[in-house]
Amino acid sequence: MSNFYTRIISAIVYAAIFIFAIVFSSDTYIGLITFFGSVCLWEFSKIIKLQNAVLPIISLIAIIALNYLKVLDTDKIIYLLIFCLLHSVYLIIDLYQKNYSNRNHFLKSFTTISYLVLPFLFLSFLPFLNGNYQPKLIIYTIIIIWTNDSFAYLVGKNFGKNKLFERISPKKTIEGFIGGFLFSVFAGFLIGRYSGILTVQNWLILAIITSIFGTFGDLVESKFKRQANVKDSGTIMPGHGGLLDRLDSLFFLAPFVYLYIHYVI
């Protein structure tokens, strides 16, 4: 079987599992996100050569379970969110540093928890609006991500001349980014116009957040891989690489979308 058909089949299976878990129930969604997060933690630990990934994985499972069981005080979640957002901003700023950071075991563990555990926490509870599970929130967010990635690729491939971040991701272009951004905003407009969830203005803002921070999420993961001199985070998805490669945009932007949906609107 050619790599092209392998990629298609792998993508269809991945999308089918993801969408089924989202629409079936809140329990299946949170369960799948917990599983995906654990796999991503395992893959990331291999990239940064973290000797023991068990603690971050246990931390992810525990913190999602505690929040799901309403053990965590929701008023205190904002402090975790602020910390997570600050670390994400730090990783974005670090993209502009030419030298790679050397991390000891403590910093590797800290980075793993800040970069993955907390974002997956906010991703798991992103579609809960006013205490009610709204699966369409996460589905539409994923549609915007796919729109951004697809049109960034198509526009970049056909019209891209100026590199966006050549040192980290040689194939990304400024033209591709603009193309993905514009089509994401258009997708956000259509979703706001016909979804019946949130307003058009809110979806336009969410599309902007998704396009910008989704792109940064992809670049941040690319820098980690480039530092480790690896092409893919894993092999769990034939033709695509690892789960971390597929979810890097989604979990990175999740805290920013969570902030807007739960604290701004």
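Quantities reported herein were computed from a predicted structural model and do not represent experimental measurements.

Outline the pattern of salt bridges, listing residues and values.
Summed over the entire model, instances satisfying the criterion amount to four salt bridges. The salt bridge involving D94 is made with K223; its shortest N-O contact spans 3.3 Å. Here D94, found in helix 4 (residues 77–94), pairs with K223, found in helix 8 (residues 200–228); they are 129 residues apart in sequence, far enough to count as distant. The burial state of D94 is the same as that of K223; both residues are buried. Among the ionic contacts, a cluster of salt bridges with common partners joins E221, K225 and D245.

Pulling in residues and values, what's your account of the packing of helix 2 (residues 26–47) against helix 5 (residues 105–124)?
In the contact formed by helix 2 and helix 5, the axes pass within 10 Å of each other and the chain directions differ by 165°. Viewed along their axes, helix 2 and helix 5 adopt a mutual orientation that is roughly antiparallel. The two elements helix 2 and helix 5 cross, and the hand of that crossing is right-handed. Judged by residue contacts, Y29, I30, I33, F36, G37, C40, L41 and F44 of helix 2 engage T111, T112, Y115, L116, V117, F120, L123 and S124 from helix 5. Partitioned by chemical class, the residues of the contact of helix 2 with helix 5 number 12 nonpolar, four polar and no charged.

Explain the nonpolar core to me, and be specific about the residues and the numbers.
In terms of nonpolar packing, the biggest core is built from 76 residues, with F18, F120 and L247 touching the most fellow members. Among the elements that line this core, the one with the most residues is helix 9 (residues 243–264), at 13 residues. Those residues within four positions of L247 in sequence are excluded, and the remaining contacts are Y14, F18, F36, C40 and F120.

Requested: an account of the packing of aromatic side chains, with residues and values cited.
Enumeration over the complete set of coordinates arrives at 23 aromatic pairs. Three or more aromatic residues joined by ring pairs form one cluster here, namely F44, Y115, F120, F224 and F251.

Quick one: what's the story with helix 3 (residues 54–68), residue by residue and with numbers?
For helix 3, built from 15 residues, the straight-helix expectation of 21 Å at 1.5 Å per residue is met to within 8% by its first-to-last C-alpha distance of 21 Å. Listed as buried for helix 3 are P56, I57, L60, I63, I64 and N67. The buried residues of helix 3 occupy an angular sector of 140° when projected down its axis, which confines them to one face. As for helix 3, its buried residues are in contact with helix 2, helix 4 and helix 5.

If you had to explain the packing of helix 5 against helix 9 to someone new, which residues and values would you point to?
Closest axis-to-axis distance for the helix 5/helix 9 pair is 8 Å, and the angle between their directions is 65°. Taken together, the axes of helix 5 and helix 9 lie roughly perpendicular to each other. Helix-helix and strand crossings are classified by hand; for helix 5 and helix 9 the assignment is left-handed. Only L244, L247, L250, F251, F252, A254, P255 and Y258 of helix 9 make contact with helix 5, whose side of the interface consists of Y115, L116, P119, F120, F122 and L123. Among the residues forming the contact of helix 5 with helix 9, the class breakdown is 14 nonpolar, no polar and no charged.

Run through unusual backbone geometry, naming residues and quoting values.
Of note in this structure, K49 is not a glycine but carries a positive phi near 60°. Using a relative accessible area of 57% as the deciding quantity, one classes K49 as exposed. Positioned with a positive phi, N229 is a non-glycine residue whose angle comes to about 60°.

Go over the environment of I33, please, and point to the residues and values.
Mapped onto the secondary structure, I33 falls in helix 2. Note: C-alpha distance between I33 and F125 (92 residues apart in sequence) is 9.8 Å. For I33, the residues in contact, after removing those within four places along its chain, are F18, F120, L123 and S124.

Please give an account of the side chain of K108 that cites residues and values.
Structurally, the position occupied by K108 is in helix 5. At 3.4 Å, the side chain of K108 and the backbone oxygen of K49 are in polar contact. If sequence neighbours within four positions are ignored, K108 has contacts with I48, K49, L50 and R103.

Help me get a handle on the environment of S109, residues and values and all.
With respect to the helices and strands, the residue S109 is situated in helix 5. For the pair S109 and Q51, spaced 58 residues apart in sequence, the C-alpha separation works out to 9.5 Å.

Cut-offs and rules
Residues numbered from 1 in each chain as written. Predicted model: local features only at pLDDT ≥ 70, side-chain atom pairs only at ≥ 80, totals over all residues. Heavy atoms only, no water. Salt bridge = Lys/Arg side-chain N within 4 Å of Asp/Glu carboxyl O. Helix = DSSP H or I, 4+ residues; strand = E, 2+ residues; numbered from the N terminus. Buried < 20%, exposed > 50% of the residue type's maximum accessible area, 1.4 Å probe, protein only. Axes fitted to C-alpha atoms, helices over the stretch in contact; angles between N-to-C directions. Parallel < 35°, antiparallel > 145°, perpendicular 65-115°, else oblique. Left-handed = near helix turned anticlockwise from the far one by under 90°. Contact = heavy atoms within 4.5 Å. Nonpolar A, V, L, I, M, F, W, Y, C, P; charged D, E, K, R; others polar. Core = buried A, V, L, I, M, F, W, Y, C linked by side-chain atoms within 4.5 Å. Phe/Tyr/Trp six-rings, centres within 6.5 Å; stacked < 30°, edge-to-face > 60°. Expected span 1.5 Å × (residues − 1). Arc of directions from axis to C-beta. Polar contact = N/O pair within 3.5 Å; in protein donor to acceptor, adjacent residues only side chain to side chain.

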